[in-house]
Amino acid sequence: MNKQKVLNKRRKVVTMAKDVTASVDLEEGWLAKFLELPGDKLAKLLGGIANHGRITTSAIKKARTSLPSFSGVKWTTFVEQFGLPDSLEENPFERVVTPVYTLPPSVHEIMYEAAWRTQDVYGERQKQRIEAARARIMDPYLVRIIGLFQGRVIDKPMLETEYATGDEVEHWHEIFMIGGTLFFIAEFKLDLSLEDNVAQLFAEILAAAKANEKGDFANLRVYGLLTDLIDFHFYSYNPLSKQFALDATMVVNITRDVAFTDMIPVCNKIFGVILTAYIDGLEATKSKSIERKNKMDLSSPGSAPLQQLLKVSEPGPSQSYTRNSGRKSANCWELALQLAQQCRDRFNESVETVDDIERNSNAALELLAKR
């Protein structure tokens, strides 16, 4: 091997960002010129280079997180800003506990069967180290629970703000309804401490709260769940007081048979959080409807916040709202709120037997599904 080949080989053996930069045989200052590009153009340029080099997305992600310059949100970010202690062992949060509503046993049976088959495909939860596979384990539960809201509550893409940049925080689901974000379910990263994992969940919650402000729902409480499929940590954030709160911590056994039984109260809790957040959102929508009515604003209640959050263009002349259409939309949201509250009240009724639970819970869900 001649001297030039040796030099070329050494040039390829680089591990640090500055070594990578130095290894590129381009004119001095090329990196600075790259960094002067707007973010979207720089991203397209890097994407094009990756495509030409046949570099996979997972390889890019692995390289990014391995560089010293990579910095996800850390617990220390919140310690000073929110006056929190250095460790979660001191339990620095106030308690804001959401109600737990017992879903029908038949619904749990459906989730049990679907979850069992999912683990047949992706393996036992304690062995999951691949993010996509771990996320799949929760799908049989969440799809069924969110589906109970008949499309009024959905998933949507994650947000980017000063707190969260869209790829530093791995999350599974962002539960959203017209008017704002309600609930985050985030993955516990195995290579981070509990404090830093909580910090990354909080970053997403703050991002959602900031986005909710654009939709005139600045005071809407945002809920969050951090889980590694064994420990389930429920939190919430009150934008009005700017304080985080602890709801509950639940533990699920790693053995499959026992785990599915342990998931029953967890699923009831998740449903309870979403129903509570859904009612919060409907109450906020109703308040905005009354406010618009008093101001003689004829726009459809809830439509403006949705357009702002999803950046949908304003309706054209053929889509303009009339007094009657605006009132009709307001009535729909008021009816939805009444039905959701009746659903909640029905769940709160006293029951004694499994048959009573099945009958009463199904009756409650029928109220939730009405239009």
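Details of the structure are given in the entry above.
Quick summary incoming for the structure in this document.

Scoring rules and cut-offs
- Residues numbered from 1 in each chain as written.
- Predicted model: local features only at pLDDT ≥ 70, side-chain atom pairs only at ≥ 80, totals over all residues.
- Heavy atoms only, no water.
- Buried < 20%, exposed > 50% of the residue type's maximum accessible area, 1.4 Å probe, protein only.
- Helix = DSSP H or I, 4+ residues; strand = E, 2+ residues; numbered from the N terminus.
- Pairing = 2+ DSSP bridges.
- Salt bridge = Lys/Arg side-chain N within 4 Å of Asp/Glu carboxyl O.

### Some words on the pairing of strand β4 (residues 180-187)
A regular strand places its side chains on the two faces of the sheet in alternate fashion.
Reasoning step 1: For β4, a buried count of eight out of eight residues is recorded, marking the element as mostly surrounded by other parts of the structure.
Reasoning step 2: By the bridge criterion, five bridges tie β4 to strand β5 (residues 222-227) in an arrangement that is parallel. Opposite Phe184, over in β5, you have Gly224 as the bridge partner.

### Things to note about the pattern of salt bridges
Reasoning step 1: Under the defined criterion, the tally for this structure stands at six salt bridges.
Reasoning step 2: Across the salt bridge formed by Arg344 and Asp345, the nearest N and O atoms sit 3.5 Å from each other.
Reasoning step 3: Accessibility expressed as a relative area gives 43% for Asp345, which makes it partly exposed.

### A short note on the pairing of β5
Reasoning step 1: Counting buried residues along β5, six of its six residues qualify, which places the element largely inside the surrounding structure.
Reasoning step 2: Covered by surrounding structure in β5 are Val222, Gly224 and Leu226 together with Tyr223, Leu225 and Thr227, the residues of both alternating faces.
Reasoning step 3: The sheet contact formed by β5 and strand β6 (residues 231-238) spans six bridges and is antiparallel. Paired with Gly224 across the bridge in β6 is Tyr235.
Reasoning step 4: The loop that links β5 with its antiparallel partner β6 comprises three residues; one of these, Leu229, has a positive phi angle of about 80°.

In short, geometric facts, not functional conclusions.
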